[in-house]
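Remarks on the overall topology
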Amino acid sequence: MADKRLWTQMDLGFTSNPKVQEVLAESAGAVVLYIHSVLTSCLHVTDGFAKEKVMVRASFASQADADLLASAGMWHRPGHDCNTCPAAVPIGEVYIHDFEEHNPMWTTRAAETRIEKATKAARARWAADSKPEDATEHATEHAASIGQASGEQCSEDAPAMPEKRREEKKIFSSSSTTAFDAFWAGYPRKVGKAAAQKAFAKALKFTDVETVMSGVEALRTEVAGKDQKFTPHAATWLNEGRWDDEPSGQLQIPVNSPWDPSFHRMQVEA
Ligand SMILES: [Zn+2]
């Protein structure tokens, strides 16, 4: 199975950077604090903002470490004077200097584009899989239109479609289709919808709709004909990242690490 851990990039000269060297000389813990803030901001897609006290606690740093980052200009507190970073920093938070420039794949905009692309691709694939031979264009157009306008009504189901396919297509084209509705329609145990919706939004930060839906398909196959109590609640299934489960049921939890092998592959290819 492909390594699906999440990663961001790190400049190979990071620890030799004069600004970082100055901080290192004072406290290695401050550098760990800085790295933790970058990774956390990527993971939770906060666009470079981080809650200072939470960061300090989670990386076992000290308030002096936080002050060090602020005076070195690696973190900006409210009222900072860096003119290349967002001016408004909420009280209690810091902005990581040049976050967007260094972590372009972890901005809200980039995450939304990825989700949108994955949703469209998944819908187009489902529509293409389920279309009758003579309705190619309609299916493609339809996939494109539901990708852009959620809530659009689709009343036509192709007459020649086999029953199972028709059911699958409905998942992606019913009147108020959103990616979550599609997920919920396909998930084999309908318990805890609100929690599932939250977990679903969170899961899409780690993976795409298509992968989750393939996972749901695999789960449906696995639990078919078994007592419902063997099917996890949807929120649990999502929070544990089980869309990646091997058929054997091996659990995969995404780990955010710049030392992820795919990070190094990317650097070599770039
Ligand atoms: Zn800045």
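In this report, the structure presented in the accompanying data block is examined. Remember, predicted model here, so these are calculated numbers, not experimental data. (Residues numbered from 1 in each chain as written. Predicted model: local features only at pLDDT ≥ 70, side-chain atom pairs only at ≥ 80, totals over all residues. Heavy atoms only, no water.)

**Considerations on the coordination of the zinc ion**
Only His76 (NE2), Cys82 (SG), Cys85 (SG) and His97 (ND1) from the protein coordinate the zinc ion, and they sit 2.0 to 2.3 Å from it. Note that the zinc ion binds four donor atoms; their angles at the metal cover 100 to 115°, and the shape is tetrahedral. For the zinc ion, the donor residues sit on a single chain with the sequence spacing H-x5-C-x2-C-x11-H. Since its relative accessible area comes to 6%, histidine 76 is described here as buried. Of the residues examined, cysteine 82 reaches a relative accessible area of 17% and is grouped as buried. (Donors = N, O, S within 2.8 Å, 3.2 Å for Na, K, Ca; no water. Tetrahedral: all angles 85-135°; square planar, octahedral: opposite > 155°, others 65-115°. Buried < 20%, exposed > 50% of the residue type's maximum accessible area, 1.4 Å probe, protein only.)

**Observations regarding the environment of aspartate 98**
With respect to the helices and strands, the residue aspartate 98 is situated in the loop between strand 3 (93-96) and helix 5 (99-102). Put simply, aspartate 98 and tryptophan 75 are 23 residues apart on the chain and 9.4 Å apart in space, counted from C-alpha to C-alpha. Residue contacts for aspartate 98: discarding those within four places in its chain leaves Thr84 and Cys85. (Helix = DSSP H or I, 4+ residues; strand = E, 2+ residues; numbered from the N terminus. Contact = heavy atoms within 4.5 Å.)

**Looking at the packing of helix 1 (residues 18-26) against helix 4 (residues 63-72)**
For the pair helix 1 and helix 4, the least separation of the axes is 10 Å and the interaxial angle reads 155°. Of the possible angle classes, the one that applies to helix 1 and helix 4 is roughly antiparallel. You can see that helix 1 and helix 4 cross each other, and the crossing is right-handed. For the pair helix 1 and helix 4, contact is made by Lys19, Val23 and Glu26 and by Leu68, Leu69 and Ala72, respectively. Here the contact of helix 1 with helix 4 is composed, by residue class, of four nonpolar, no polar and two charged. (Axes fitted to C-alpha atoms, helices over the stretch in contact; angles between N-to-C directions. Parallel < 35°, antiparallel > 145°, perpendicular 65-115°, else oblique. Left-handed = near helix turned anticlockwise from the far one by under 90°. Nonpolar A, V, L, I, M, F, W, Y, C, P; charged D, E, K, R; others polar.)

**Quick look at the packing of helix 2 (residues 28-43) against helix 4**
Packing of helix 2 against helix 4 leaves a shortest axis separation of 9 Å and a crossing angle of 75°. One finds that helix 2 runs roughly perpendicular with respect to helix 4. Residues Gly29, Ala30, Leu33 and Tyr34 of helix 2 form the contact with helix 4, whose own contacting residues are Asp65, Ala66, Leu68 and Leu69. When its residues are assigned to classes, the contact of helix 2 with helix 4 shows six nonpolar, one polar and one charged.

**Observations concerning helix 11 (residues 209-223)**
Across its 15 residues, helix 11 extends 21 Å between first and last C-alpha, which sits within 8% of the 21 Å expected from 1.5 Å per residue. Residues of helix 11 that are buried: Val209, Thr211, Val212, Met213, Gly215, Val216, Leu219 and Val223. One or two residues past the end of helix 11 sits glycine 225, with phi positive at roughly 80°. (Expected span 1.5 Å × (residues − 1).)

**With respect to helix 2**
The terminal C-alpha atoms of helix 2, which comprises 16 residues, lie 23 Å apart, in line with the 22 Å expected from a rise of 1.5 Å per residue. Among the residues making up helix 2, those that are buried are Ala30, Val31, Leu33, Tyr34, Ile35, Ser37, Val38, Leu39, Thr40, Ser41 and Cys42. A side-chain oxygen of the first residue of helix 2 lies 3.2 Å from the backbone nitrogen of glycine 29; this N-cap is serine 27. Just downstream of helix 2, valine 45 is the residue with a positive phi angle, here 45°. (Polar contact = N/O pair within 3.5 Å; in protein donor to acceptor, adjacent residues only side chain to side chain.)

**Observations regarding the sheet that holds strand 1 (residues 49-51)**
The strand order across the open sheet formed by three strands is 1-3-2, and the pairing between neighbours is antiparallel. This sheet does not close on itself; its edge strands, each paired only once, are strand 1 and strand 2 (75-76). Both strand 1 and strand 3 contribute to a ladder of three bridges, which runs antiparallel. When the sheet's bridge partners are listed, alanine 50 is paired in strand 3 with valine 94. Of the strands in this sheet, strand 1, strand 2 and strand 3 touch helix 2, which is tilted by about 85° from strand 3. (Pairing = 2+ DSSP bridges.)

**Considerations on the environment of aspartate 47**
Assignment of secondary structure puts aspartate 47 in the loop between helix 2 and strand 1. Residue class for aspartate 47 comes out partly exposed when judged on its relative accessible area of 23%. Sequence separation between aspartate 47 and proline 104 is 57 residues, and the spatial gap between their C-alpha atoms is 9.5 Å. Sequence-distant contacts of aspartate 47, that is, excluding residues within four places in its chain, are made with Ser41, Tyr95, Phe99, Trp106, Thr107 and Thr108.

**Thoughts on the nonpolar core**
Counting residues in each nonpolar core, the largest one holds 32 residues, and the members touching the most others are Val23, Leu33, Tyr34, Leu69, Met74, Trp75 and Phe99. Put simply, the parts of the chain that give this core at least two residues each are helix 1, helix 2, helix 3 (52-58), helix 4 and strand 3. A per-element tally of this core places helix 2 first, with eight residues. Once residues lying within four places of it in the same chain are set aside, the contact partners of methionine 74 are Lys19, Val20, Val23, Tyr34, Leu69, Tyr95, Ile96 and His97. Listed in part, the 23 residues of the second largest apolar core include Ala203, Val209, Ala234 and Trp237. (Core = buried A, V, L, I, M, F, W, Y, C linked by side-chain atoms within 4.5 Å.)

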